Amino acid sequence: MFPDAAPLLAVDGLVKRFGGFRALDVLSLRLDAGEILGLVGPNGSGKTTCINVISGLYRPDGGDIHFDGRSIGGWPSHRLVHAGINRTFQVPRPFLTLTVRENVQVALAYGRRGDGVADVDALLLSLDLDAFADRPAKELNSAQQKMLDLARALATRPRLLLIDELAAGLNAAELERVAVKLKDLARSGIALLVVEHLMGFIDQITDRIIVMNAGKEIFEGRLAEAAANPQVVEVFFGAEHAA
Amino acid sequence: MARHLLLILLPVVAAFAILPSVYTNHLMLFNFIIFMTLAQGLNVIYGFTGYLPFGYVGFFGAGSYGFSLMVIHLQAPPFVALLIGAAAAVALALLLTPLLRLSGVYFSIANLAAALAVLQVVSNPNLEEITKGPYGISLRGVFNPTLSYGTAVAVLAATLALVIYLRNSHFGMALKAIREDPISAGMAGINVVRERVVAWLLSALIAGLAGGVFAWYVSVFYPETVFSVEFSVFAIVFVLFGGNATVIGPILGVVILYGIYNAVGISTPQYFQLIYGVLIMGLVLFLPNGLVSLLQRWGIDVP
């Protein structure tokens, strides 16, 4: 690739306020196609808000978001989906009374970009949901509902996937499968922004991380380097631990 | 979908077409048609999108008055007047689209208030020149029970066809997705605001057509008749009883409950009210998704 080509996602000086609280305080980041960027930080540092603004749930109060060269800040979600952005939710949000298959079908019908072959069954199979295809989504357990969130997102063929704590609550075997799956998606060219608290998982899948605190970036680089950064250590463990 | 048209729409329409020749109480048959149409129209907005409009009767009344004023002031032929009546209902729904920002009971109450406001405007004595105020409407010139009955059957058929389409199409699935979770629906690529408004307008269109054809058939009525909250309440109860977001749920609701109403409600209203009250309480407590949910519980896909 060309090192100076425009990134797929460019966030510049993003600000999001809730009343007087600045949940995002001039945040900037870059993400290329096929790259996995980890977003870590303590609770309330603005990670989920960042995903919510990029996916259109909140309008930004300042700054720019460029996706594939277009300014997309403030677009409604469905338009972002059609442009190639999708996400999963920290607490999964399937359509509970619809069947698992319908959950994916509706995203195929309304959100799919391009006109390639749409294979619901293959998608469900790849996420171990095939056995429940004709059951209502409310019968799935929490881990399965997370996979259904991912299935719905993938049905729209995203180029940028925002993953909000997909790994939390999964067992070791499920974690391994999800890690492999996400790495496969990145290899296929999808850019992934992953918010996660499980550092082992982050270490396994990401190329690069951004550490956030109070809506700001305090570190960017590899996870191993972050552990040696005094500011990061202070945020996570308190000032007395920082060298 | 073709199967549903054949097995549900056709028998219902055929029954209402044939019954007048073997049963003499045509007004009762006509009321069955009107309530079945209203229940299905409410099903479109409540069953598929989750909004419960207590003021649904407002669109019915708008249709009635739209029809009547066209006939009275412009001597419009009934079918033209019917279209204008439906347009009046849709225009009222457009005016009320901001209500869709509210949810749950707030939406229901605001919608009820809107319907009452329209009633107050229509029945205002100062507007007697235009609306005949509280003194009511008389449409002797276009009175035609046979043709208006047939038109009501046609409106019901079109309404059933729409609900069957919703039950079997991606559009209906998208509406249910919005009902379940509007944020997730956005992430499925659905334009939540637009699809919701389309369902809202379709639902108002159905009530407007029903109101217009009702005015035509009865041809003499007061504002309180066509803006009676009883229309909303009955339609809601029929849908709740039968089962929302299905085609046959509201049909069952109307046949059974309106049947009971006509059997015992008119002769011995005290028993009727007891039966109705117990039935509604029991349903809301034990069967919130209506009769058809008994079948759905067994894994049967109810059309």
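Not measured: the values here are computed from a predicted model. Throughout, residues of each chain are indexed from 1 in the direction in which the sequence is written. Starting at A for chains and at 1 for ligands, labels are handed out in the order in which the entities are written. Restriction of local features to residues with pLDDT of at least 70 applies here, the model being predicted, together with a cutoff of 80 or more for giving and counting side-chain atom pairs; totals for whole chains, interfaces and linings are based on all residues.

(A) Up close: the overall build of chain A. If you tally the helices and strands in chain A, you get nine helices and 10 strands. The size measure is the radius of gyration over C-alpha atoms, and the globule rule it meets is 2.2 Å times the number of residues to the 0.38 power. Taken over C-alpha atoms, the radius of gyration comes to 18 Å for chain A, in line with the 18 Å a tight globule of 243 residues would show. Projecting the C-alpha coordinates of chain A onto the three principal axes gives extents of approximately 55 × 40 × 40 Å. Residues counted as buried form 43% of the 243 residues belonging to chain A. Here contacts are defined at the residue level, using C-beta atoms placed from the backbone and a cut-off of 7 Å between them. A fraction of 66% describes how many contacts in chain A between residues 6 or more apart in sequence connect residues 24 or more apart. Numbering of helices and strands runs from the N terminus; a helix is a DSSP stretch of H or I covering at least four residues, while a strand is a stretch of E covering at least two. Each residue is classified by how many other C-beta atoms fall within 10 Å of its C-beta atom, where C-beta atoms are placed from the backbone; a count of 20 or more means buried, 12 or fewer means exposed, and values in between mean partly exposed.

(B) Quick look at the overall build of chain B. The secondary structure content of chain B amounts to 15 helices and two strands. Over its C-alpha trace chain B gives a radius of gyration of 19 Å, about what one expects of a compact globule, namely 19 Å for 303 residues. Seen through its C-alpha atoms, chain B measures out along the principal axes to roughly 55 × 45 × 40 Å. Within chain B, the fraction of its 303 residues that count as buried is 48%. Long-range pairs, those at least 24 residues apart, make up 76% of the contacts in chain B between residues at least 6 apart in sequence.

(C) Spotlight on the interface of chain A and chain B. Counting residues at the interface gives 26 residues for chain A and 16 residues for chain B. When residues of the side of chain A that touches chain B are traced back to their parent elements, those giving at least two are α2 (77-83), β6 (85-87), α3 (100-111) and α5 (142-155) of chain A. It is α3(A) that provides the largest number of residues to the side of chain A that touches chain B, a total of seven residues. Here the nonpolar group is Ala, Val, Leu, Ile, Met, Phe, Trp, Tyr, Cys and Pro; Asp, Glu, Lys and Arg are the charged ones; every other residue, Gly included, is treated as polar. The residue makeup of the side of chain A that touches chain B, split by class, is 12 nonpolar, 10 polar and four charged.

(D) Spatial organisation of the domain arrangement of chain A. All names here are of chain A. Start and end points for every domain follow an automatic or database-based domain assignment. On domain assignment, one finds that chain A holds domain 1 (1-84 + 158-243) and domain 2 (94-157). With centres defined by C-alpha atoms, the gap from domain 1 to domain 2 works out at 24 Å. The residue makeup of the side of domain 1 that touches domain 2, split by class, is five nonpolar, three polar and one charged.

(E) Structural context of the environment of Glu196(A). Take Glu196(A): it is sitting in the loop between β8 (191-195) and α7 (199-205). Taking C-alpha positions, Glu196(A) is 25 Å from Glu240(A), a pair spaced 44 residues apart along the chain.

(F) Layout of the packing of helix α2 (residues 26-49) of chain B against helix α12 (residues 229-242) of chain B. Residue and element names in this part refer to chain B. Lines are fitted to the C-alpha atoms to define the axes, a helix being fitted only along its stretch in contact, and any angle between axes, read from their N-to-C directions, falls within 0 to 180 degrees. The interhelical angle for the contact between α2 and α12, taken along N-to-C directions, is 70°, at an axis separation of 8 Å. By the criterion of interaxial angle, the relationship of α2 to α12 is roughly perpendicular. Residue-level contacts link Phe-35, Leu-38, Ala-39, Leu-42, Asn-43, Tyr-46 and Gly-47 of α2 to Phe-231, Phe-234, Ala-235, Ile-236, Phe-238 and Val-239 of α12. Grouping the constituent residues of the contact of α2 with α12 by class yields 11 nonpolar, two polar and no charged. Each angle receives one of four descriptions, namely roughly parallel if under 35 degrees, roughly antiparallel if over 145, roughly perpendicular if within 65 to 115, and oblique otherwise.

(G) Representation of the packing of helix α13 (residues 248-265) of chain B against helix α14 (residues 269-286) of chain B. Residue and element names in this part refer to chain B. One way to put it is that α13 packs onto α14 with a least axis distance of 8 Å and a crossing angle of 150°. Accordingly, the angle class assigned to the pair α13 and α14 is roughly antiparallel. Taking contact as the criterion, the partners of Ile-260, Tyr-261, Val-264 and Gly-265 in α13 are, on α14, Pro-269, Tyr-271, Phe-272 and Ile-275.

(H) Representation of the environment of Lys132(B) in the model. Residues and elements named next belong to chain B. Within the fold, Lys-132 resides in the loop between α6 (128-131) and β1 (137-138). By C-beta crowding, Lys-132 is classed as buried, having 20 other C-beta atoms within 10 Å. For the pair formed by Lys-132 and Leu-92, sequence separation is 40 residues and the distance between their alpha carbons is 20 Å.

(I) Molecular detail of the sheet that holds strand β4 (residues 62-67) of chain A. Residues and elements named next belong to chain A. For two strands to pair, DSSP has to find at least two bridges joining them. With respect to topology, four strands assemble into an open sheet ordered β2-β1-β4-β5, the strand pairing being antiparallel. Each end of this open sheet is capped by a strand with a single partner; those strands are β2 (21-31) and β5 (70-71). Bridge count between strand β1 (residues 9-18) and β4: five bridges; the pairing is antiparallel. Following the sheet pairing, Asp-12 is matched in β4 by Asp-64.

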